[in-house]
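Survey of secondary and tertiary structure
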Amino acid sequence: MHSNNKNIIIILIDALRFDKLKVGGYKYDLTPNLNKIINEGSLIKNHFANGCPTSVSFPAIFSSTFPLDYNGYNEGVKNRPKTFPEIFKENGYDTFGVTSAHPSGDHFYYNRGFRIYENLLDFYQWFRQNLKVLLREDLNKYKNNEITKDQMISILSKNYLTILNSTLKYVNQFDELKIKSKNFNIKKNKKKIVDEIEILKSNPEIILDKFIEFDYLYYKFLGETKVSELTKFFLKLKENLRSKINNVINLFPRRKIYESQEIFERFKKYFSQKNDQPYLAFIHLFDVHESKNFTVKFSFSYIKNIIKLLFLRKFKFGGFVYDLSVMHVDAEIGKFFNFLKKKGILDDSYISITSDHGLKAGFPPRPKTHLRTDLSQQFYEEFLRVPLIFYPKLNENLDNKKLTSHIDFAPTLLDLCKISKNEKFKGNSILEKHNDSSFILAENTGSGICDILAKNIYICLRDKNLKIVYEIKNKIINERDVFDIVNDPNEFNNLVRSELYKIERDKFYDIAKKRLEVIYSYV
């Protein structure tokens, strides 16, 4: 059993960049509440994600393993060692989690170890991302005659079925929680999902045709075997009109997330019904991630923030909506901390606030690639360097400038509560005096589905002076990017063609080579 009965509350602000905080050097002060928490708590200043985006980063957070361990991240933490919620549960903690982001949902097994895990998903984004990540590459191969119809149907019959089964589970949870989805009629669509499963089993060609014809909007015709020409006409008209308006101002967004205020309310409801057990609570906020889908809101506080930010930035707009979302979330965190204080929770709890990765938002500018979202390019500091905050203040002797990453997150939480870590964890507690990694590691297999054997592998190594990104093709390791992050912190000057830092580069190459051997050992 546990030997420290402090509660643990984790607030994960998806896509919050370290350099967008005052302590990260940002010229605009957007986060007075986080500033206060940092001043009264502890900030780990050199903390990094082990990958970007959420699907790549989360396995490290939950299981202290690297993204490409255990054959990659397609199935989240399904095949990973025990997650930290499972360990807390085994040690007498009640466990509660709530997420508004589909990559951290049950489908990817992030409910492991939670007695209660609430998936408050945006269903449009759920369906869109499944097409984009799990099916898009194979559909393109089919369109280009690189695979046969039978092969494509076989892929659909497996992958799409798992998506539909998870969707059914999600809509049932909405029903059980008596929560109304913002962009998906639960009652109407529950039967349609069941019908879609039957069509997939009996006549999968119909499903394939819907994907080919309607692309991201395929979900609008769940359970239907035929779509009339009139329906297609009005859908096209409606979507064209929506796009034209939204290109000017996002009045009719398809994405409609549950915002931080609503997510915090789910914790409050849990707290009002809990027993006397110590508890672990995981709260995943998606507002900042979805800042690019800015929606006009007519609340007084929102309009006040817009006016305040306009004057603060002197009407400069690069990254404006990102900053606005950060301000909004910071205000909600302030309210949440007031609630925790009022209820006496702060006195009995450790609070940890972090992010899973960063996001492109304003400065610094980056070169465009042929892909709208190219994961192989997401190793810049703005994608990987994230805040890690603890409240109350940790040990006074803590070295908060050492290099740490998300593989150290779970061991640190367990250490705070005097619980032994899983022997399969690859990270170490930040509280340990001698835990000072000489480098951090991030990795992925580029955009789309993770496929270690068929796709290029990208490994990023960074110490306090140098960052190198390797591209591995057919098991051949090549340097792609080399940055002197001391003299070039914005990573504008790629030194890959230079002869500088040869000793350090040789050392990093050996590390990358050993890491590659470990990656391939899992497949």
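No experiment lies behind these values; they were computed from the predicted model shown.

**Section: the layout of surface pockets**
Volume-wise, the second largest pocket comes out at about 640 Å³. Taken together, 27 residues line the second largest pocket, and the ones lying closest to its centre are Asp-19, Gly-24, Glu-381, Pro-489 and Asn-490. In the lining of the second largest pocket, the residues fall into eight nonpolar, six polar and 13 charged.

**Examining the environment of Glu-471**
Within the fold, Glu-471 resides in strand E12 (residues 466-473). Here Glu-471 falls in the partly exposed class, since its relative accessible area comes to 27%. The spacing of Glu-471 and Asp-481 is ten residues in sequence and 9.0 Å in space, taken between C-alpha atoms. Leave out the neighbours within four places in its chain, and Glu-471 touches Asn-456, Ile-457, Tyr-458, Ile-476, Ile-477, Asn-478 and Arg-480. Of the polar contacts made by the side chain of Glu-471, one reaches the side chain of Tyr-458; its length is 2.9 Å.

**Things to note about the sheet that holds strand E1 (residues 7-13)**
Taken in spatial order, the seven strands of this open sheet run E2-E8-E7-E1-E6-E4-E5, and their pairing is mixed. The open sheet has two edge strands with one neighbour each: strand E2 (42-44) and strand E5 (116-119). Recorded for the sheet is a direction-independent mean angle of 10° between the axes of neighbouring strands. One ladder, built from three bridges, connects E2 with strand E8 (residues 388-391); its direction is antiparallel. Across the sheet, Ile-44 pairs through a bridge with Leu-388, a residue of E8. Each of E2, strand E7 (349-354) and E8 is contacted by helix H1 (residues 32-40), which is oriented at about 65° to E8, the strand it contacts most. Its contacts with the sheet place helix H11 (residues 320-342) against E1, strand E6 (279-285), E7 and E8, and it is angled at close to 170° to E1.

**Topic: empty space enclosed by the protein**
Taken as a whole, this structure holds two cavities of 30 Å³ or more when the rule is applied. Estimated volume of the largest cavity: approximately 40 Å³. Around the largest cavity, the lining residues are Gln-377, Phe-379, Tyr-380, Lys-467, Val-469, Arg-480, Asp-481, Phe-483 and Glu-491. Taken together, the elements giving at least two residues each to the lining of the largest cavity come down to E12 and strand E13 (476-484). What the second largest cavity holds in volume is close to 30 Å³. Surrounding the second largest cavity, Ile-13, Leu-16, Thr-31, Leu-34, Val-288, Val-326, Val-329, Asp-330 and Ile-333 form its lining. With four residues, H11 is the largest single contributor of residues to the lining of the second largest cavity. Class assignment for the residues of the lining of the second largest cavity results in seven nonpolar, one polar and one charged.

**Observations concerning the nonpolar core**
Residues Ile-9, Ile-11, Phe-88, Tyr-160 and Phe-267 are the most contacted members of the largest nonpolar core, which totals 121 residues. No other element matches the eleven residues that H11 contributes to this core. Once residues lying within four places of it in the same chain are set aside, the contact partners of Ile-9 are Phe-267, Tyr-279, Ala-281, Ile-283, Phe-336, Leu-340, Ile-345, Ser-349, Tyr-350, Ile-351 and Ser-352. Membership of the second largest hydrophobic core comes to 26 residues, among which are Leu-375, Leu-461, Tyr-470 and Ile-472.

**A few points about unusual backbone geometry**
Pro-53 follows Cys-52 through a cis peptide bond whose omega is 10°. By the secondary structure assignment, Pro-53 is in the loop between strand E3 (47-48) and helix H2 (54-63). The residue after Tyr-391, namely Pro-392, is reached through a cis peptide bond having omega 0°. Secondary-structure assignment places Pro-392 in the loop between E8 and strand E9 (404-405). Its identity is not glycine, yet Asn-71 carries a phi of approximately 70°, on the positive side. Looking at the element boundaries, Asn-71 is found in the loop between H2 and helix H3 (84-90). By relative accessible area, Asn-71 is classed as partly exposed at 43%.

Thresholds, definitions, all that
Residues numbered from 1 in each chain as written. Predicted model: local features only at pLDDT ≥ 70, side-chain atom pairs only at ≥ 80, totals over all residues. Heavy atoms only, no water. 1 Å grid on protein atoms, 1.4 Å probe; cavity = no way out; pocket = protein on both sides within 12 Å on 5 of 7 lines; lining within 4 Å. Points joined across faces, edges and corners; volume = space filled by probe spheres on them. Nonpolar A, V, L, I, M, F, W, Y, C, P; charged D, E, K, R; others polar. Helix = DSSP H or I, 4+ residues; strand = E, 2+ residues; numbered from the N terminus. Buried < 20%, exposed > 50% of the residue type's maximum accessible area, 1.4 Å probe, protein only. Contact = heavy atoms within 4.5 Å. Polar contact = N/O pair within 3.5 Å; in protein donor to acceptor, adjacent residues only side chain to side chain. Pairing = 2+ DSSP bridges. Axes fitted to C-alpha atoms, helices over the stretch in contact; angles between N-to-C directions. Core = buried A, V, L, I, M, F, W, Y, C linked by side-chain atoms within 4.5 Å.

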